[in-house]
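# Per-entry structural report
Residues per chain, in single letters:
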Amino acid sequence: MSGLIAEVKAIAVLEACRAKGVLLATAESCTGGLIAASLTDISGSSDVVDRGFVTYSNEAKHDMLGVSSKLIDTHGAVSEEVALAMAAGALKHSRAGIAVSVTGVAGPGGGSAAKPVGLVWFGVVLKGQAPQAVRHIFPDHGRASIRHAAVNTALDLVLKTLI
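In short, a report on the structure. (Residues numbered from 1 in each chain as written. Predicted model: local features only at pLDDT ≥ 70, side-chain atom pairs only at ≥ 80, totals over all residues. Heavy atoms only, no water.)

On to the nonpolar core. Ranked by internal contacts, the top residues of the largest apolar core, which has 37 residues, are Leu-39 and Ile-98. If you list the elements that add at least two residues to this core, you get α1 (3-20), α2 (34-40), β3 (98-104), β4 (119-126) and α6 (143-162). Broken down by element, this core gets its largest block of residues, nine residues, from α6. Residue contacts for Leu-39: discarding those within four places in its chain leaves Ala-10, Val-13, Leu-14, Leu-24, Ser-45, Val-49 and Leu-155. If you look at the next biggest cluster of nonpolar residues, it comprises 16 residues, including Ala-27, Ile-72, Met-86 and Val-125. (Core = buried A, V, L, I, M, F, W, Y, C linked by side-chain atoms within 4.5 Å. Buried < 20%, exposed > 50% of the residue type's maximum accessible area, 1.4 Å probe, protein only. Helix = DSSP H or I, 4+ residues; strand = E, 2+ residues; numbered from the N terminus. Contact = heavy atoms within 4.5 Å.)

Right, here's the structure in full:
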């Protein structure tokens, strides 16, 4: 994904949040803050971006977002259940009206037959609505490629949820 595509989508997300009058929070694992960075790269984003949670470890998911340790133990950090809990936790622990989460296997190691490199789960929740989860398996063209594809997809999910 080129920087220009991310910039155009980030601008669209900021404009959609402004139009709906909502603040945005991110809860990121495998992207390590890249979603929040893509938004805050845009001048004036401070009127929309409330906060970003980088919850790379399971402990951070639990401590910062309130994701149940039992949920992580049962389903694994890279799962629909954890992505949903991360998004809901980001909403609960912020002033945001919409939150997006991402948890996945960016590689090059760490994959398995059940959870291959490139598997990424996303969660998105708009205040007052049920959280939604989306699963993607991105081609393994390297760690950076998977992470950038995840940012692109997360921005798309926020846009689709707001429009």
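This is not the end of the story, as more comes after the structure.
Turning to the packing of aromatic side chains, a few remarks are in order. For the structure shown, the criterion picks out one aromatic pair. Where Phe-122 meets Phe-138, the ring centres are 6.3 Å apart and the plane angle is 90°; that geometry is what we call edge-to-face. Remark: Phe-138 occurs in the loop between β5 (132-137) and α6 and Phe-122 occurs in strand β4; sequence separation between them is 16 residues. Note on Phe-122: relative accessible area 0%, which makes it buried. (Phe/Tyr/Trp six-rings, centres within 6.5 Å; stacked < 30°, edge-to-face > 60°.)

As a further point, take the side chain of Ser-79. Along the polypeptide, Ser-79 turns up in the loop between α4 (69-75) and α5 (80-92). Beyond its immediate chain neighbours, meaning those up to four positions away, Ser-79 contacts Thr-103, Lys-115 and Trp-121.

Helix length check: α6 (20 residues) gives 29 Å between terminal C-alpha atoms against 28 Å at 1.5 Å per residue, within 8%. Taken together, the buried positions of α6 are Ile-146, Arg-147, Ala-150, Val-151, Asn-152, Thr-153, Ala-154, Leu-155, Leu-157, Val-158, Leu-159 and Leu-162. (Expected span 1.5 Å × (residues − 1).)

Pairing within the open sheet is mixed, and its five strands lie in the order β2-β1-β3-β4-β5. Unpaired on one side and paired on the other, β2 (49-54) and β5 mark the two borders of the sheet. Strand-to-strand twist of the sheet, defined as the mean angle between neighbouring strand axes without regard to direction, takes the value 15°. Summarising the sheet, strand β1 (residues 24-28) and β2 pair through five bridges and their orientation is parallel. Paired with Ala-25 across the strands is Arg-51, a residue of β2. Here α6 sits on the sheet in contact with β1, β3, β4 and β5, set at roughly 25° to β4. (Pairing = 2+ DSSP bridges. Axes fitted to C-alpha atoms, helices over the stretch in contact; angles between N-to-C directions.)

It is worth spelling out the pairing of β4 at this point. Among the eight residues of β4, eight are classified as buried, and the element is accordingly described as predominantly covered. Residues Leu-119, Trp-121, Gly-123 and Val-125 point to one face of β4 and Val-120, Phe-122, Val-124 and Leu-126 to the other, with burial holding for every one of them. Where β3 lies against β4, seven bridges are found, and the strand directions are antiparallel. Directly across from Val-102, in β4, lies its bridge partner Phe-122. The pairing of β4 with β5 spans six bridges and is classified as antiparallel. Paired with Val-124 across the bridge in β5 is Gln-132.

Following the sequence through the fold, Lys-9 ends up in helix α1. Separated by 100 residues in the primary sequence, Lys-9 and Gly-109 place their C-alpha atoms 29 Å from one another.

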